[in-house]
Structure formats: structure tokens, C-alpha cells
Amino acid sequence: MLYNMSSEQNELTQTPLLKIWVPWVHSTLSRRRGSSVPQFTNSPTVIVMVGLPARGKTYISKKLARYLNWIGVNTAVFNLGQYRREAVQTYKNYEFFRPDNEEAMKIRRNCASNALTDIGAYFTKEQGQVAVFDATNTTRERRGLILSFAKEKGYKVFFVESVCDDPDIIEQNIMQVKLSSPDYENCDKEEALEDFLKRIECYKMTYVPLDEEKDRHLSYIKIFNVGSRYLVNRVQDHIQSRIVYYLMNIHVTPRSIYLSRHGESDLNLLGRIGGDSGLSTRGQMYASALAAFVQSQSIRDLKVWTSHMKRTIQTAEALGVPYEQWKALNEIDAGMCEEMTYEEIQDHHPEEFALRDQDKYRYRYPKGESYEDMVHRLEPVIMELERQENVLVICHQAVMRCLLAYFLDKSADELPYLRCPLHTVLKLTPVAYGCKVESIFLNVQAVNTHREKPPNVDINRKTEDALQTVPEHV
Amino acid sequence: KDMPMETSPRELTQNPLRKIWMPYKNGLPEKHISQRKVCMTNCPTLIVMVGLPARGKTYISKKLTRYLNWIGVPTKEFNVGQYRRECLKIYKNFEFFRPDNEEGLKIRRQCALSALNDVRQYLCMEGGQVAVFDATNTTRERRDTITRFAEQNGFKVFFVESVCEDPDVIAENIVQVKLGSPDYIDCNTEEAVADFMKRIKCYENSYQPLDEGLDRELSYIKIMDVGRRYLVNRVLDHIQSRIVYYLMNIHITPRSIYLCRHGESDLNVRGRIGGDSGLTSRGKEYAKSLGHFIQEQNIKDLKVWTSQMKRTIQTAEALAVPYEQWKALNEIDAGVCEEMMYEEIQEHFPLEFALRDQDKYRYRYPKGESYEDLVQRLEPVIMELERQENVLVICHQAVMRCLLAYFLDKSAEELPYLKCPLHTVLKLTPVAYGCKVESIFLNVEAVNTHRDKPENVDISRPTEEALLTVPAHQ
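Residues numbered from 1 in each chain as written. Chains lettered and ligands numbered in written order. Predicted model: local features only at pLDDT ≥ 70, side-chain atom pairs only at ≥ 80, totals over all residues. Heavy atoms only, no water.

Engineer: Looking at this model, I keep getting lost on the overall build of chain A. Mind explaining?
Structural biologist: A tally of helices and strands in chain A yields 15 helices and 15 strands. In terms of C-alpha radius of gyration, chain A reaches 25 Å, essentially the compact-globule figure of 23 Å for 474 residues. For the C-alpha atoms alone, the extent of chain A along its principal axes is close to 75 × 70 × 40 Å. Counting every position in chain A, which comprises 474 residues, the buried fraction comes to 59%. Long-range pairs, those at least 24 residues apart, make up 68% of the contacts in chain A between residues at least 6 apart in sequence. In the form shown here, chain A has an accessible surface area of approximately 20,800 Å², with 49% of it arising from carbon and sulfur atoms. (Helix = DSSP H or I, 4+ residues; strand = E, 2+ residues; numbered from the N terminus. Rg over C-alpha atoms; globule rule 2.2 N^0.38 Å. Buried < 20%, exposed > 50% of the residue type's maximum accessible area, 1.4 Å probe, protein only. Contact = heavy atoms within 4.5 Å. Areas by Shrake-Rupley, 256 points an atom, 1.4 Å probe, with all protein chains shown as cover.)

Listed below in C-alpha cells is the structure:
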């Protein structure tokens with residue numbers, strides 16, 4: 001990747017959308033990828049789950065994929081159970097999984113093979129960076145197959161094994177996610193539970209866990225009893241290190257996360273973005289309503305977090321409880337457009353305004369930030385949210401969109417348009433493989449600050465077209 | 001939780017130095033846990049090292065202490081060996097450590113208790129948050145004593161055990177740090193090594209490693225073979241989680257880190273701070289010299305990192321090697337003072353200018369950042385630098401000061417005044433327990449941008465005194 005030393009070697013140009021400086025190469029822009037954080041994945045990585053049924057493999061797979069995608073690492077989950085359900089349209093009972101069932105074994109091997117082929121395609125054709133192979137992978141033979149496949153293609157392999165012998169946890173698991181599986185659509189609870197337990201027995205007979213001695217050259221993390229202990233072996237690179245850190249911080253203790261914006265602010269009323277203004281009268285009312293709401297919820301050990309901006313702190317003050325200020329929760333920095341109305345931005349920087357509509361996620365304000373920058377800024381907040389239990393986060397529109405996108409697995413394209421209206425609390429409660437959302441409007445009117453993407457995003461559009469979706473303001 | 005609900009929210013005032021919004025009462029700011037840096041655990045934490053001699057306990061203790069202090073967690077290490085040297089004055093030979101040496105045992109026990117006493121003093125009265133107890137702690141009995149001590153005082157305990165049987169690693173350890181120990185001042189190399197090996201033998205028989213079964217209620221990390229494998233048990237809180245992440249990312253492979261600033265920029269020459277200007281012709285010359293320097297050094301697999309500002313990228317372009325842009329390496333944001341000269345700041349914001357001189361580390365520019373903010377922003381960079389091997393970081397004055405302070409263990413008071421002149425490369429090479437620094441001026445003249453702390457930092461000082469230390473510029 002050597003660049004030619006020429007008299008133009010020091011000529012740089014700033015890409016208009018991302019505001020990244022790149023060298024001019026033959027008067028066309030270099031195809032250097034810009035992002036606020038270097039991308040550390042060169043070789044694609046296959047994460048291989050290992051463990052008996054009902055050990056949380058799919059839970060971990062989905063959560064990990066959600067996290068990696070949110071931080072910008074393209075990740076997909078390949079669930080072998082789904083391949084099997086497609087191959088064998090109707091599930092009869094546990095006998096399918098008996099180790100002496102030759103025909104079933106053949107089908108299951110085929111499914112694994114297909115999944116691996118799809119993983120290869122994901123890496124080569126869909127710019128995937130990480131693939132999570134979600135299956136039991138409980139035999140050394142199966143794991144050997146995956147390792148050969150990966151070696152041949154030049155993929156890195158990282159195993160995640162979940163070991164659990166606590167019968168209560170296993171039964172909880174089964175109740176939460178197995179009984180509602182397509183496999184048990186037509187069974188009652190007891191039948192399903194009984195069958196599933198027999199299914200687990202089938203696997204137990206041939207289960208060979210990752211071995212400290214025999215597998216000492218492999219890269220893996222072994223998770224014991226939902227995280228009370230971890231064994232980590234041969235972390236190879238940055239992404240594996242981040243994965244280990246993430247897995248060591250998540251937990252399954254029931255709790256709720258409350259997301260809310262500050263109360264309506266003076267600048268909100270004027271239709272101006274950014275700044276550091278205080279609450280309007282209605283905003284103050286919201287703060288009191290929020291306090292009443294929090295009290296009514298009787299939340300155990302609630303932690304309250306705000307940004308460093310006056311409006312979130314004023315809101316928290318009304319709660320009468322201790323709160324922590326995070327600079328990382330500050331609203332997106334609109335740089336040169338701080339405290340402007342959309343009309344003014346269109347007036348002074350029409351091209352910027354159009355670029356933002358073209359790619360709102362990656363667009364960086366001049367001397368400011370992009371949503372993409374914010375996601376990286378917010379990563380430590382998400383990590384700490386994972387560690388914590390009940391938390392109320394009082395933040396800002398763009399910030400809340402980023403956090404919400406993480407919990408609800410929204411793509412980069414959807415993220416900047418998520419609806420996060422003022423005076424509305426979103427209560428997020430983890431359930432099964434996802435997150436239940438309850439939206440609670442606290443009955444205090446506020447201005448609307450949500451600007452939809454207008455149909456015309458062309459740089460040469462007319463002013464009326466640009467301002468078509470601007471919400472009303474004073 | 002039973003705090004009375006205020007009828008009207010408390011008034012907020014913005015602390016002039018740190019620009020933090022805080023509630024105030026009767027015209028005075030209220031004491032408040034405002035700023036979130038690292039989770040301020042209420043309980044102090046006692047980190048207890050465990051392991052035979054020459055397993056890297058002191059190396060880990062010092063490095064961990066340095067890291068925690070840098071990120072703002074007051075930490076201190078307590079090395080029992082030092083207490084023993086103070087008590088004994090002269091070390092004769094390994095016989096002192098024989099398990100049947102009653103007198104030796106008595107002295108060693110006293111030293112341990114004395115160290116624990118100082119730990120209590122540090123954590124309870126001197127504002128310490130983490131204490132690292134660096135000793136072998138190889139018997140369960142000793143560890144129980146420490147655990148009881150911690151319980152009595154309300155400290156959390158986290159064990160860090162280093163296990164290693166690789167004779168080469170141990171031999172290297174001894175050569176690197178034991179031969180130079182005060183214990184062996186009057187010995188030649190062979191004598192010292194022979195004696196030290198016998199010393200290790202004294203501990204081996206009574207060594208009871210942390211046990212998966214017996215110690216399953218303890219919080220600990222077991223580091224095996226210099227980081228090839230880790231066993232992590234019961235991480236209790238945020239700080240322990242950060243410690244584990246850090247320990248899992250450090251390595252001891254020899255390498256060098258090169259720190260330098262961008263070449264001289266147009267704004268530098270005009271005495272203006274911040275901005276996003278390009279290089280002067282001298283700056284471009286420096287970039288070329290840097291290219292030659294790098295070539296001459298013949299560095300294996302050198303990674304090059306820049307910020308996302310034009311001047312660092314222009315500098316890297318001249319190297320004709322691939323480089324990665326980090327937004328986190330951007331220069332400190334001077335907010336409303338961006339692109340001003342110091343003379344202009346004094347003219348328009350004399351109060352701000354004085355506050356900055358009063359506490360340059362914590363001072364935050366209006367709508368900008370502080371050095372303290374920078375350190376938080378740079379933490380992922382430091383973490384990745386720990387993972388990497390040979391790296392050249394092309395950054396900025398304030399950023400370089402923060403990074404340098406991390407490597408050279410400089411305090412928050414010293415950090416903002418570290419000398420990081422233009423056109424000078426600092427080559428940092430880890431050696432023994434610290435870092436060797438070589439300063440290489442690449443022989444291209446540049447303007448001086450270092451402003452020393454003036455004598456008069458009073459807000460009512462006359463202009464000449466404020467501008468006394470401003471370096472010359474166009």
C-alpha cells in the first residue's frame with residue numbers, strides 16, 4: 001500500500017461528508033475508509049460457540065453480534081438450529097438428536113457444512129468481519145472440522161464455551177426461550193420440558209469440553225456458571241480482546257434501563273440545535289413529573305446518570321437523588337452549526353445541510369461530530385450499563401438514539417431517525433433474546449424536535465424542499 | 001433515598017475552572033459527586049499480588065499503579081521487599097528466606113503487617129482508592145490474614161496471581177530486575193543468580209496457589225505464562241473489571257513506541273492555538289526527515305497512527321507507509337479560544353487565562369476540553385498501544401503530553417508542562433520497571449510552542465505578567 005512520493009505528496013483534501021483528510025490521488029479522492037476509530041479486523045474472525053443446549057449460547061451470540069455491529073464491526077449469527085429446521089420441516093421429538101440416529105446425523109452434518117459455506121460467502125461477498133457460529137459444537141471432531149475450514153480460508157477462530165451445571169439456571173433458560181421455540185409449537189409445557197431435557201442428555205454423552213491441555217493452542221474463553229468464572233486462552237488480537245471484555249461485563253440479572261431526554265429547554269423552543277441552555281417552564285414541569293414517575297416505579301437501587309450539560313442536570317436535580325455526570329453523554333457537537341436553527345443552517349451552509357440528509361449517520365458537522373463518532377464516544381457508557389442493574393439515563397436526542405439503537409439492534413441507517421421525543425421515558429427490560437420497550441409519556445406538552453429525512457436530498461435542492469420536514473418552533 | 005423532594009429544583013452554577021454545572025445554596029456551590037471519571041467505588045480496593053519470586057509481581061504492580069493513577073484513580077503500591085530491606089539493612093543470602101528460619105519469619109511477618117498498616121493509612125486517611133500489596137503472599141494463611149484485615153477495614157480484595165514455569169522467562173526476569181536489586185549490590189552475576197534461585201526454592205515448598213475449589217469465593221485473576229492464559233473469578237465491580245481488561249492487554253515483548261508531533265504548522269508559526277491548518281515548508285521538511293529517520297531505524301512491523309487533523313496526516317503522508325487515523329488523537333479542543341493567540345485570549349478572556357494557569361490540568365476551555373478530559377479520551381489509545389508492538393504516534397502537543405505522562409508516570413500537576421517540542425521524536429523503550437526515553441531532534445528548526453506557568457496566576461494580574469512566558473511568534 002505504498003503511495004508514490006510526488007510533488008503532490010502533501011496535498012490533502014477533506015472528504016465533505018466525513019470530514020476526513022485524505023490524499024489527492026490523480027485528482028480523484030482516495031478510497032481510504034474514514035472512521036473515527038481505526039478498524040482492527042484484517043482477517044475475518046469466526047466465533048464458535050460451544051456448549052450443551054440451554055447454556056445461553058444463542059443469547060450470547062445475539063448479544064455479541066448486536067454489540068459488534070453497533071461499534072461498527074459487521075457481524076452475523078449463523079444458528080445451526082435454524083438450518084436444521086429448514087432441512088427437517090417438522091420436529092418430532094428428541095430422538096432426532098440421539099447419537100446413534102444415522103440419518104439425523106447425516107442431516108445435521110450437512111447443515112453444518114451449509115452454514116460454513118454461508119459464513120464464507122458472508123465474508124467474501126457481504127463484507128462481513130465477524131461470523132458467530134451458534135451451535136453446540138460439543139465434539140472435538142466438529143470443532144476440528146471448523147478449524148480446518150477456517151485455516152484453509154485464512155480466518156481466525158475464537159471459541160466461546162458456556163459451561164453450566166446449575167439446574168435452576170438451565171430450567172430458567174428452557175422456560176424463557178425453549179418452550180416458545182418453533183420446535184415445541186404444538187406441545188404443552190410439561191411435554192416440551194421433558195423432551196428438551198432428554199435432548200440435552202443426548203448431547204451429554206458425546207460432550208468433550210475445551211481442554212486446558214489438549215486445546216492449549218486454541219483461542220477461547222470458557223464462561224462458567226453465567227459469569228462467576230472465566231478461563232481465557234491465547235487472545236490473538238484487538239477484536240478478540242474487546243469480545244472477551246464485553247463477555248466479562250454482561251450479566252443476566254433482571255433489571256430495567258430507563259432512557260429519557262432532559263426536559264424541554266429554552267433552545268428547543270426556539271428550534272435551535274445544541275448549546276447549553278436551561279429548562280423552559282414546561283421542562284421544569286417534566287422534571288417534577290419524572291421525579292413522581294421514578295418514585296411510583298419503586299425501583300431498587302436506581303442509579304441516575306446525566307450529561308455535563310445544564311439541561312440534563314437541571315432535570316436530575318428535581319429527582320432529589322444522587323446522580324453521576326458523564327461528559328460522554330453530552331449531545332452531539334454540531335460544531336459550526338451550534339445554536340443555529342435548521343433554517344439558518346440551510347441559509348449559511350446549504351451543502352452541509354444536504355450532505356447530512358444524504359447520510360445522517362456518517363455526516364460530521366464542520367468542527368463537530370457525527371453519529372458514528374458518538375457511538376464510539378458512548379461505548380464506555382454502554383459497557384457500564386451492561387455492568388449495572390437499574391439505571392435512569394437522562395440525556396439528549398442524538399445520544400438517546402445511539403443508546404436505543406444498541407438495545408434494539410437498529411442499523412446505522414435507522415439510528416439517526418429513531419423517535420425520541422421530549423418528555424417521554426423509554427423503559428427497556430431485557431427479555432428472552434431481546435428487549436421489551438415501554439414508552440411512557442409523562443403528560444407534559446413539549447415542542448417536537450424530530451426532523452424526518454426529506455424526499456429531496458440533492459445538494460441543488462430548493463430551500464423549501466430542504467426545510468420541508470423541519471418541525472415547528474417559535 | 002429518603003431525601004426530601006425539593007419544592008423547586010436547586011439553582012445551578014457552572015464551576016469556572018472545570019465548567020461543571022453544580023447546584024448551589026446560599027450563593028455557594030454544594031459539595032456533590034459531580035464529574036464521572038472512573039466509577040468512584042465507595043469501598044477502597046486492596047489488590048493483593050500472589051506468586052513465587054521472579055514471576056513479574058512487581059512489574060505488574062508498578063504498571064497497574066501507573067495506569068490507575070493516570071486514569072485518575074489514586075493508587076499506591078506497597079512492596080514488602082522494601083520494608084524488609086529497611087528493617088534488615090544488609091541482605092546476606094537466601095538463608096534469610098528459609099522456611100525454618102524463625103527469626104527471618106518473624107521479621108518478614110512484621111514487615112507485612114507494617115506494610116498493611118501503611119495501606120490502611122493510605123486508603124482511609126490519605127484519599128487513596130486502590131492499594132497494591134506487592135509480596136509473594138504464597139500461603140493461604142498469609143492471604144487469610146490479609147482478607148481479614150481488609151474485611152475489618154471495609155476494603156474490597158482482588159488477588160492477582162502470576163504463575164509461570166518457563167525457565168527462560170524466569171531467567172530473563174532475574175537478569176532484568178534482580179541483579180540490579182540492592183540485595184545483590186556486592187555480588188557478581190553468577191553468585192546473584194545462584195542465590196536467587198535458592199531463594200525461590202525456599203518459597204516453593206509452602207506455595208499454595210489460588211485454588212479453583214477452595215478459593216471460589218474470592219475475587220481474582222490468575223495470569224499464566226505471561227498472559228497466554230487467564231483465569232478470572234468473581235469480578236465484583238467496575239474497577240476490578242477495568243483492572244482485568246488492562247492486565248489482559250499488556251505484554252512484555254520488547255518493542256519501542258515513538259511519539260512525535262506533526263511538523264510545524266501555519267498556525268504554530270503565528271502563535272495561534274488549535275485549528276486545522278497545514279504544514280509550513282519547515283514542517284514539510286521535518287516530515288521528510290521523519291521519513292528518513294524511520295527508514296534508518298529499521299523498525300520491524302511499524303504501525304503509524306495519526307489524528308484526524310490535517311497537520312498530522314500531512315506529516316504521515318511523507319513517510320509513504322500505511323497509517324491509521326484516530327479521532328481520539330485530535331488536539332485538545334480549545335472551544336471559544338480556538339485559533340486565538342495567547343495575547344488575544346488574555347485580551348478577551350483574562351479570567352479564563354488566569355484560571356488555566358491556576359490549574360492547567362483540570363481547566364476546561366469554555367465549550368472545549370481540559371487535559372483531564374483528554375486523558376479520558378486517550379484511554380483507548382493507551383490500551384491499544386499496550387496491545388501493539390512497534391508504533392509511531394504522530395500527534396499534538398497536549399495529546400503527546402498526556403501519552404508521555406502515562407509512560408513516564410508523571411503526575412497531573414507535571415503533565416501539562418511536559419516539554420514536547422516540535423520536530424523532536426521521543427523513542428520510548430520499556431526497560432526493567434520503567435521506560436527508557438531517547439529524545440531525537442531531527443535538525444529542522446521550528447517555532448517554540450511551550451508556554452511555562454507564569455509566576456503570577458492571580459485573576460487580577462496585569463497583562464504583562466500574564467503574557468510573560470508566551471513564546472515568540474510572528
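There is more to say, and it comes next.
Engineer: What should I look at first to understand the interface of chain B and chain A in this one?
Structural biologist: You'll often see interface size given as the accessible area lost when the parts meet. Of the residues lining the interface, 60 residues belong to chain B; the matching set on chain A comes to 62 residues. Of the roughly 5,800 Å² buried at the junction of chain B and chain A (both faces included), carbon and sulfur atoms supply 52%. The tally of links between chain B and chain A comes to four salt bridges. A salt bridge links Arg229(A) to Glu212(B); the nearest nitrogen and oxygen atoms lie 2.9 Å apart. Seen at the junction of chain B and chain A, the total is 20 residue pairs in polar contact (both at pLDDT 80 or more). Of all elements in the fold, only strand E1 (11–14), strand E2 (21–25), strand E9 (229–233), helix H7 (238–249), helix H10 (310–317), strand E12 (324–325) and helix H13 (371–387) of chain B reach the threshold of two or more residues within the side of chain B that touches chain A. When residues of the side of chain B that touches chain A are assigned to their parent elements, the largest contribution, seven residues, is made by H7(B). Relative to E9(B), strand E9 (residues 229–233) of chain A runs antiparallel, the two sharing five bridges. Pairing of Val232(A) across the sheet is with Tyr230(B), part of E9(B). (Buried area = accessible area lost by both parts, 1.4 Å probe. Salt bridge = Lys/Arg side-chain N within 4 Å of Asp/Glu carboxyl O. Polar contact = N/O pair within 3.5 Å; in protein donor to acceptor, adjacent residues only side chain to side chain. Pairing = 2+ DSSP bridges.)

Engineer: Honestly, the UniProt feature "active site" (unreviewed entry) in chain B in this entry has me stumped. Any pointers?
Structural biologist: All names here are of chain B. As annotated in UniProt, the feature "active site" (unreviewed entry) corresponds to His262 and Glu331 in the numbering used here. In summary, the annotated positions, though distributed over 70 residues, converge in three dimensions, the widest C-alpha pair being only 10.8 Å. Among the structural elements, His262 can be located in the loop between strand E10 (257–261) and helix H8 (266–269). If near-sequence neighbours (up to four positions away) are discounted, His262 is found in contact with Asn268, Tyr286, Arg311, Thr312, Thr315, Ile394, Cys395, His396 and Leu422. (UniProt positions renumbered as here; feature names shortened; annotations may be inferred.)

Engineer: Help me out: how do you make sense of the UniProt feature "binding site: substrate" (unreviewed entry) in chain A in this one?
Structural biologist: Residues and elements named next belong to chain A. Under the feature "binding site: substrate" (unreviewed entry), the UniProt entry names Arg261, His262, Gly263, Glu264, Ser265, Asp266, Leu267, Asn268 and Arg311. Separation in sequence by 51 residues is not matched in space for these annotated residues, since their most distant C-alpha atoms are only 14.1 Å apart. Structurally, His262 is set in the loop between strand E10 (257–261) and helix H8 (266–269). When sequence neighbours within four positions are dropped, the list of residues in contact with His262 reads Asn268, Tyr286, Arg311, Thr312, Thr315, Ile394, Cys395, His396 and Leu422. At 3.4 Å, the side chain of His262 and the side chain of Arg311 are in polar contact. One can find Asn268 in helix H8. By relative accessible area, Asn268 is classed as buried at 11%.

Engineer: It is not clear to me how the nonpolar core should be interpreted in this structure. Could you clarify?
Structural biologist: Looking at soluble globular proteins, one finds that nonpolar side chains tend to be buried together. Core analysis: the largest hydrophobic core is formed by 116 residues, its most contacted members being Leu68(A), Ile221(A), Leu329(A), Leu403(A), Ile221(B), Leu329(B) and Leu403(B). Ignoring any residue separated from it by four or fewer positions in sequence, one finds Leu68(A) in contact with Ile47(A), Val73(A), Thr75(A), Val130(A), Ile239(A) and Ile243(A). Membership of the second largest hydrophobic core comes to 90 residues, among which are Ala115(A), Phe159(A), Phe224(A) and Ala192(B). (Core = buried A, V, L, I, M, F, W, Y, C linked by side-chain atoms within 4.5 Å.)

Engineer: Explain the sheet that holds strand E13 (residues 391–395) of chain B here, please?
Structural biologist: The strand order across the open sheet formed by six strands is E12-E11-E13-E10-E14-E15 (chain B), and the pairing between neighbours is mixed. Both outer strands of the open sheet, E12 and strand E15 (434–441) of chain B, are each paired with one neighbouring strand and no more.

Engineer: Would you explain the packing of aromatic side chains in this entry?
Structural biologist: Each aromatic ring pair is described using two quantities: the centre-to-centre distance and the angle formed by the ring planes. Under the criterion given, the structure shown has 31 aromatic pairs over all chains. Centroid distance Phe149(B) to Phe155(B): 5.9 Å. Interplanar angle 65°. Geometry classified as edge-to-face. Taking relative accessible area as the criterion, Phe155(B) reaches 7% and is therefore assigned buried. Members of the aromatic cluster, connected to one another through ring pairs, are Tyr91(A), Phe96(A), Phe97(A), Tyr184(A), Phe196(A) and Tyr203(A). Sitting over the face of the ring of Tyr406(A), Arg66(A) holds its NZ or CZ atom 4.7 Å from the ring centroid. The residue whose ring lies beneath Arg451(B) is Tyr342(B), and the NZ or CZ to ring-centre distance is 5.5 Å. (Phe/Tyr/Trp six-rings, centres within 6.5 Å; stacked < 30°, edge-to-face > 60°. Lys NZ or Arg CZ within 6 Å of the ring centre and 35° of its normal.)

Engineer: Where do I start with the pairing of E10(B) in this structure?
Structural biologist: Here is the key point about a regular strand: its side chains alternate between the two faces of the sheet. Residues and elements named next belong to chain B. With five of five residues buried, E10 lies mostly within the body of the structure. Covered by surrounding structure in E10 are Ile257, Leu259 and Arg261 together with Tyr258 and Cys260, the residues of both alternating faces. Pairing of E10 with strand E14 (residues 424–431) involves three bridges; the strand directions are antiparallel. Bridging from a neighbouring strand, Ile257 pairs with Leu428 of E14.

Engineer: Would you take a moment to explain helix H12 (residues 350–358) of chain A for this structure?
Structural biologist: Side chains of residues three or four places apart in an α-helix project in the same direction, reflecting 3.6 residues per turn. Listing the buried residues of H12(A) in full gives Glu352(A), Phe353(A), Ala354(A), Leu355(A), Arg356(A) and Asp357(A). For H12(A), the elements touching its buried residues are helix H11 (342–348), helix H13 (371–387) and helix H15 (463–466) of chain A.

Engineer: Looking at this structure, I do not really get the environment of Pro254(A). What am I missing?
Structural biologist: Residue and element names in this part refer to chain A. Note that Pro254 resides in the loop between helix H7 (238–249) and E10. For Pro254, a relative accessible area of 74% translates into the label exposed. For Pro254 and Thr463, which are 209 residues apart along the polypeptide, the C-alpha to C-alpha distance reads 50 Å.

Engineer: When you look at the confidence of the model for chain B in this model, what are you seeing that I'm missing?
Structural biologist: Should pLDDT be low for a region, the predicted coordinates there are not to be read in detail. Residue and element names in this part refer to chain B. A residue-level look at chain B finds 95% of positions with pLDDT of 70 or above and a mean pLDDT of 93. Every residue in residues 1–7 is under pLDDT 50, and counting partners more than four places away or in other chains gives five contacts. Overall fold confidence for the complex sits at a pTM of 0.93, while the interface term, ipTM, reaches 0.92. (pLDDT = per-residue confidence, 0-100.)

Engineer: For this particular structure, what's the right way to read the pairing of E2(B)?
Structural biologist: Pairing between E1(B) and E2(B): four bridges, direction antiparallel. Following the sheet pairing, Gln14(B) is matched in E2(B) by Trp21(B).

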